[in-house]
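Spelled out, the chains give:
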Amino acid sequence: MTTTTGRWPATAVFFLNGLTLSTYIVRIPTTKVAYHLTDGQLGVLGVLFAVAALASMQAVGTLVARVGSRPVLRVSLAVMPVLLALIGWVHGVAALAAVLTILGAVHGTTDAAMNSHAVAAERRAGRPILNGCHGAWSVSAVLASLITAGLAHAGVSLTVHLTGAAIALLVGGVALGPFLLPADADRRHGRPAMRGRVDWRAGWSRTVVALGLTGTALMVCEGAALGWGAVFLHDIRGASLSIAAGAVTAYTAGQTGGRLVGDRLTSRYGRQPVFRTGGLVAAAGLAIAVTGPRPATAVAGFLVAGLGSSVLLPLTFSAVGQAGGQRTATFVARFTTFTYAGILLGPGLISAAAELVGLTWALAALVPMLCLVSTLTRLPSPPPRVAATASAGTA
């Protein structure tokens, strides 16, 4: 049983994956206390998770090409909740490390496969849907934060919370499975060689590398806003901790709102104009945040930055997937490697720059970076059917 275009099931996959990962992330402080982790141990666990995710992404392209993204997602959406629950049940740092390493690998597989599935759904729908999919991920992050805050205030334990969330996510994932697009929507045909071992060299085309570097730059900027925005307001602008937290809230709110309308804007004006405008708006917002003398002005700047940046990554994912043709899953997996590299490198780069020139100048340096990315990046043209739809939207 499948839908005609697969748009809402693809969006639901992003929501479930985001809710799973966000539930783990917002519970990290509790996990640290429960397992008596040092800062160093927590850092090592984060590295294990990230490295496992990056490693698994390298094989996803071949796997999806062989069997399609639907069976991959049906398995991963069932396995991830179980691993989430185990975080609250295992004993000892070694067991926790094993669970988080496996969770990282399954998450990396899910991340690449769900973007491949969304590109297939977008191709079938004949109109942009990637912004909506990524918007669902953003909504899930906000929902996870609100649920966790409420449960923590009520004194609900880590084990009970993660177990309850896992049950709900498992039911949702199993129920969603039959509605996903059939496996042949993004399975590669006519290449017996694909049945062999993973080709680690496949998919590293000039287009993927160029757009991958764009993805890395975007994730460095996003990580800077989310990871350092509150610190900037508190340490540099003298805001209280509660007001400083508004930087993250504003950026996330702007990003979520922008993604909810991003697909309509892309259909009406086209992929490239929306990308360029979004990047320049994000740069302007970040400039306002960094130069504004008052905390309220900085918060407004982060809101504008989130709004502008909201469309950038989904549009780039869509461009990579459409450029991949029958190798969509491989292209998407390689591109996701670049975005994860940005997530991993971003905080360290900002920290090093802040040590050298100060946090204000470190964040200010991202403004010209966003301007260059938005003006120099060239997104491949969408296939005729999507292009036709976009043109129709402007009529």
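Residues numbered from 1 in each chain as written. Predicted model: local features only at pLDDT ≥ 70, side-chain atom pairs only at ≥ 80, totals over all residues. Heavy atoms only, no water.

Another aspect to go through is the overall build of the chain. For the chain, the count of helices and strands is 17 helices and zero strands. The burial tally for the chain puts 52% of its 395 residues in the buried class. Considering only residue pairs separated by 6 or more positions, the chain has 85% of its internal contacts joining residues 24 or more positions apart. (Helix = DSSP H or I, 4+ residues; strand = E, 2+ residues; numbered from the N terminus. Buried < 20%, exposed > 50% of the residue type's maximum accessible area, 1.4 Å probe, protein only. Contact = heavy atoms within 4.5 Å.)

What follows concerns the layout of surface pockets. Quantified by volume, the largest pocket comes out at close to 1700 Å³. The residue inventory of the lining of the largest pocket, partitioned by class, reads 30 nonpolar, 17 polar and three charged. Here the lining of the largest pocket spans two domains, and each of domain 1 (6-177) and domain 2 (206-376) adds at least three residues to it. (1 Å grid on protein atoms, 1.4 Å probe; cavity = no way out; pocket = protein on both sides within 12 Å on 5 of 7 lines; lining within 4 Å. Points joined across faces, edges and corners; volume = space filled by probe spheres on them. Nonpolar A, V, L, I, M, F, W, Y, C, P; charged D, E, K, R; others polar. Domains from an automatic or database assignment.)

Phi is positive for His36, which is not a glycine, with a value near 55°. For His36, the location among the structural elements is in the loop between α2 (28-34) and α3 (39-67).

Another point: the packing of aromatic side chains. Taken as a whole, this structure holds three aromatic pairs when the rule is applied. Plain terms: the ring middles of Tyr24 and Phe49 are 5.9 Å apart, the flat faces sit at 25° to each other, and that makes the pair stacked. Of the two residues, Tyr24 sits in helix α1 (residues 7-26) while Phe49 sits in helix α3, which places them 25 residues apart along the sequence. Ring centres of Phe317 and Phe335 lie 4.8 Å apart, and the angle between their planes is 80°; this geometry places the pair in the edge-to-face category. You can see Phe317 sitting in helix α13 (residues 312-324) and its partner Phe335 sitting in helix α14 (residues 328-357), a full 18 residues away along the chain. (Phe/Tyr/Trp six-rings, centres within 6.5 Å; stacked < 30°, edge-to-face > 60°.)

Once that is clear, we can look at empty space enclosed by the protein. Under the defined criterion, the tally for this structure stands at two cavities of 30 Å³ or more. Of the pockets and cavities examined, the largest cavity occupies roughly 130 Å³. Leu218, Cys221, Glu222, Tyr251 and Ser309 are the residues nearest the centre of the largest cavity, which is lined by 14 residues in total. For the lining of the largest cavity, the secondary structure elements donating two or more residues are α8 (206-235), α10 (246-269), α11 (271-291), α12 (295-309) and α13.

This next bit is on the side chain of Asp263. Its place among the elements puts Asp263 in helix α10. A distance of 3.0 Å separates the side chain of Asp263 from the backbone nitrogen of Asn131, its partner in a polar contact. (Polar contact = N/O pair within 3.5 Å; in protein donor to acceptor, adjacent residues only side chain to side chain.)

Take the packing of α8 against α10 next. Relative to each other, α8 and α10 sit at 145°, their axes nearing to 8 Å. Each of Glu222, Ala225, Leu226, Gly229, Ala230 and Leu233 in α8 lies in contact with α10, whose residues at this interface are Ala247, Val248, Tyr251, Thr252, Gln255 and Arg259. The residue inventory of the contact of α8 with α10, partitioned by class, reads seven nonpolar, three polar and two charged. (Axes fitted to C-alpha atoms, helices over the stretch in contact; angles between N-to-C directions.)

Before going further, it helps to spend a moment on α14. The end-to-end C-alpha separation of α14 is 41 Å, in line with the 44 Å expected for 30 residues at 1.5 Å each. Along its length, α14 reaches its greatest deviation from straightness, about 35°, at Leu345, and the proline Pro347 lies no more than four positions downstream. Positive phi shows up at Gly358, right after α14, with a value of about 100°. (Expected span 1.5 Å × (residues − 1). Bend = angle between axes of the 7 residues up to and from the residue.)

Now for a nonpolar patch on the surface. Taken together, the side chains of Val82, Leu86, Trp89, Leu170 and Val174 define a hydrophobic patch exposed on the protein surface, amounting to about 440 Å² of accessible area. Of note, Val174 is situated in helix α7 (residues 158-176). A residue is classified by how much of its surface remains accessible, and Val174, at 51% relative accessible area, is exposed. (Patch = residues over 30% accessible without salt bridge, like charges linked within 9 Å, V, L, I, M, F, W, Y side chains within 5 Å. Areas by Shrake-Rupley, 256 points an atom, 1.4 Å probe, with all protein chains shown as cover. Salt bridge = Lys/Arg side-chain N within 4 Å of Asp/Glu carboxyl O.)

Another aspect to go through is the environment of Gly301. Take Gly301: it is sitting in helix α12. Once the C-alpha coordinates of Gly301 and Ala283 are considered, the two residues, 18 residues apart in sequence, prove to be 9.6 Å apart. Apart from the residues within four sequence positions on either side, Gly301 is in contact with Gly285, Leu286, Ile288 and Ala289.

Between its first and last C-alpha, helix α5 (residues 93-125) extends 46 Å over 33 residues, near the 48 Å set by a 1.5 Å rise per residue. The element α5 is largely enclosed, with a buried count of 24 among its 33 residues. Taken from the residues just after α5, Gly126 is the one with a positive phi, measuring 75°.

So, about the packing of α11 against α12. Look at α11 against α12: their axes get within 7 Å of each other, and the N-to-C directions meet at 165°. For the element pair α11 / α12, the angle class is roughly antiparallel. Viewed along their axes, α11 and α12 form a crossing whose handedness is left-handed. Contact with α11, carried on its side by Gly278, Gly279, Val281, Ala282, Gly285, Leu286, Ile288 and Ala289, involves Thr297, Ala298, Gly301, Phe302, Val304, Ala305, Gly308 and Ser309 of α12 and no other residues of that element. Of the residues assigned to the contact of α11 with α12, the class counts are nine nonpolar, seven polar and no charged. (Parallel < 35°, antiparallel > 145°, perpendicular 65-115°, else oblique. Left-handed = near helix turned anticlockwise from the far one by under 90°.)

This paragraph deals with the confidence of the model for the chain. Averaged over all residues, the pLDDT of the chain is 86; the fraction at 70 or higher stands at 90%. Here residues 192-196 is a poorly scored stretch, pLDDT under 50, and it has six contacts once near neighbours within four places are set aside; other chains count. This stretch, residues 386-395, has a pLDDT under 50; its non-local contacts, to residues over four places away or in other chains, come to 14 contacts. (pLDDT = per-residue confidence, 0-100.)

Once that is clear, we can look at the environment of Glu222. On the secondary structure map, Glu222 appears in helix α8. The sequence separation of Glu222 and Thr252 amounts to 30 residues, and the corresponding C-alpha distance is 10.0 Å. When near neighbours in sequence (up to four residues on either side) are disregarded, Glu222 contacts Tyr251, Gln255 and Arg259.

So, about the nonpolar core. Counting 98 residues, the largest nonpolar core has Ile87, Leu96, Leu233, Phe302, Leu363 and Leu366 as its most contacted members. Top contributing element to this core by residue count: α5, with 14 residues. When residues are assigned to domains, this core turns out to be shared by domain 1 (6-177) and domain 2 (206-376), each giving three or more. The residues touching Phe302, leaving out its near neighbours within four places in the chain, are Ala225, Gly229, Leu233, Ala247, Ala250, Tyr251, Gly285, Leu286 and Ala289. (Core = buried A, V, L, I, M, F, W, Y, C linked by side-chain atoms within 4.5 Å.)

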